[in-house]
Amino acid sequence: MGETLTLYSFGDVDRSGKVRWAAYELGLEVEEKRVRFPAHQEPGYLELHPLGQIPAAVFRGHVLTESTATIEYLAELVPTARLAVSPGDPERFAYLRWRSVFAETCEARLVDIAVSRNGLIPAEAADLHTGLLGRRIERIASQLPLQGWLCGDRFTMADVVAGYNLRLAVQTGLLERSAVEPYLGRLMARPAARESRIFASLPDAE
């Protein structure tokens, strides 16, 4: 049995999904700690994550926050999995670029759109982001690889971040499913992705 990561989450498809998927790709066990809304703003959870955000994780006695930073850190702790691209590697810039495209350009806006559509924040938040992000994410989708992964033949944490964002883009209607195939289908077919349930809200790729 592998090492265990303790993961604090709302459910399967919030940002904890990235961490859960990454953990399974790395061969880690995941101990789930579900947090009921709005307990993430209560003192007990705030002692763990002072910003009151989901997810948080505990691994090897360390508290990890910020999902993209967490999966990168985990990948560095398990270098044999080769899910991070190290300095000096020819694919290093592609790795940094794609990770930034999704984590910086897309993710916060996509999350705002998704939670707005669910009525958790005002609808104006979705309206604010939809136009500009919609145009950008269509251009991003046009650059997805027809074969392999974002860093050539090597699956990396950049693909995990991409998968989370592309699922949100499809679910919120910013992208047609066809615009992100066959890349999204390859992500959904990965055993670790299936185990993580991050794509459970999407039908299987045909």
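Our subject in this report is the structure included herewith. Note that the structure is a prediction, hence the values are computed from the model and not measured.

## As for the nonpolar core
One recurring pattern in soluble globular proteins is that nonpolar side chains are buried together.
Part 1 of the reasoning: Judged by nonpolar contacts, the single largest core of 60 residues is most densely connected at Trp 21, Phe 102, Leu 144, Met 157, Leu 184 and Phe 199.
Part 2 of the reasoning: No other element matches the 10 residues that helix α6 (residues 157-171) contributes to this core.
Part 3 of the reasoning: By size, the runner-up hydrophobic cluster in this structure holds five residues, among which are Val 35, Leu 48, Ile 54 and Ala 56.

## Re the state of the cysteines
Part 1 of the reasoning: All told, the structure shown has zero disulfides when counted by the stated rule.
Part 2 of the reasoning: Cysteine Cys 106 is unpaired, with the sulfur of Cys 151 as its nearest cysteine sulfur at 16 Å.
Part 3 of the reasoning: Residue Cys 151 is classed as buried on the basis of its relative accessible area of 3%.

## Quick word on the packing of aromatic side chains
Part 1 of the reasoning: Under the defined criterion, the tally for this structure stands at seven aromatic pairs.
Part 2 of the reasoning: Seen from their ring centres, Trp 21 and Phe 199 are 5.5 Å apart, and the 75° between their planes marks the pair as edge-to-face. Taken together, the residues span a long stretch of sequence, with Trp 21 in helix α1 (residues 16-25) and Phe 199 in the segment after α8 (191-196) at a distance of 178 residues.
Part 3 of the reasoning: The exposure class assigned to Trp 21 is buried, which follows from its relative accessible area of 0%.
Part 4 of the reasoning: For Phe 199, a relative accessible area of 7% gives the class buried.

## Details of the sheet that holds strand β2 (residues 29-34)
Part 1 of the reasoning: Spatially, the four strands line up as an open sheet ordered β2-β1-β3-β4, and their pairing is mixed. The open sheet terminates on both sides in strands that have one partner only, identified here as β2 and β4 (62-65). Pairs of neighbouring strands in the sheet enclose a mean axial angle of 25°, with direction left out of account.
Part 2 of the reasoning: Pairing geometry for strand β3 (residues 56-59) and β4, over four bridges, is antiparallel. Bridging across to β4, Val 58 finds its partner in Val 63.

## A few points about the pattern of salt bridges
Part 1 of the reasoning: Per the counting criterion, the structure on display carries 13 salt bridges.
Part 2 of the reasoning: Two residues, Arg 60 and Glu 3, come together in a salt bridge whose shortest N-O distance is 2.8 Å. Pair noted here: Arg 60 is in the loop between β3 and β4 and Glu 3 is in the segment before β1 (4-9), with a separation of 57 residues, a long-range link.
Part 3 of the reasoning: According to the relative accessible area criterion, Arg 60 is partly exposed, its value standing at 46%.
Part 4 of the reasoning: In this structure Glu 3 comes out as partly exposed when scored by relative accessible area, which is 36%.

## Thoughts on the pairing of β1
Part 1 of the reasoning: Across six bridges, the pairing between β1 and β2 is parallel. When the sheet's bridge partners are listed, Leu 7 is paired in β2 with Glu 32.
Part 2 of the reasoning: Assessed by its sense of winding, the connection that carries the chain from β1 through α1 to β2 is right-handed.
Part 3 of the reasoning: Both β1 and β3 contribute to a ladder of three bridges, which runs antiparallel.

About the criteria used
Residues numbered from 1 in each chain as written. Predicted model: local features only at pLDDT ≥ 70, side-chain atom pairs only at ≥ 80, totals over all residues. Heavy atoms only, no water. Core = buried A, V, L, I, M, F, W, Y, C linked by side-chain atoms within 4.5 Å. Buried < 20%, exposed > 50% of the residue type's maximum accessible area, 1.4 Å probe, protein only. Helix = DSSP H or I, 4+ residues; strand = E, 2+ residues; numbered from the N terminus. Disulfide = S-S within 2.5 Å. Phe/Tyr/Trp six-rings, centres within 6.5 Å; stacked < 30°, edge-to-face > 60°. Pairing = 2+ DSSP bridges. Axes fitted to C-alpha atoms, helices over the stretch in contact; angles between N-to-C directions. Salt bridge = Lys/Arg side-chain N within 4 Å of Asp/Glu carboxyl O. Right-handed = clockwise from strand over helix to strand, strands pointing away.

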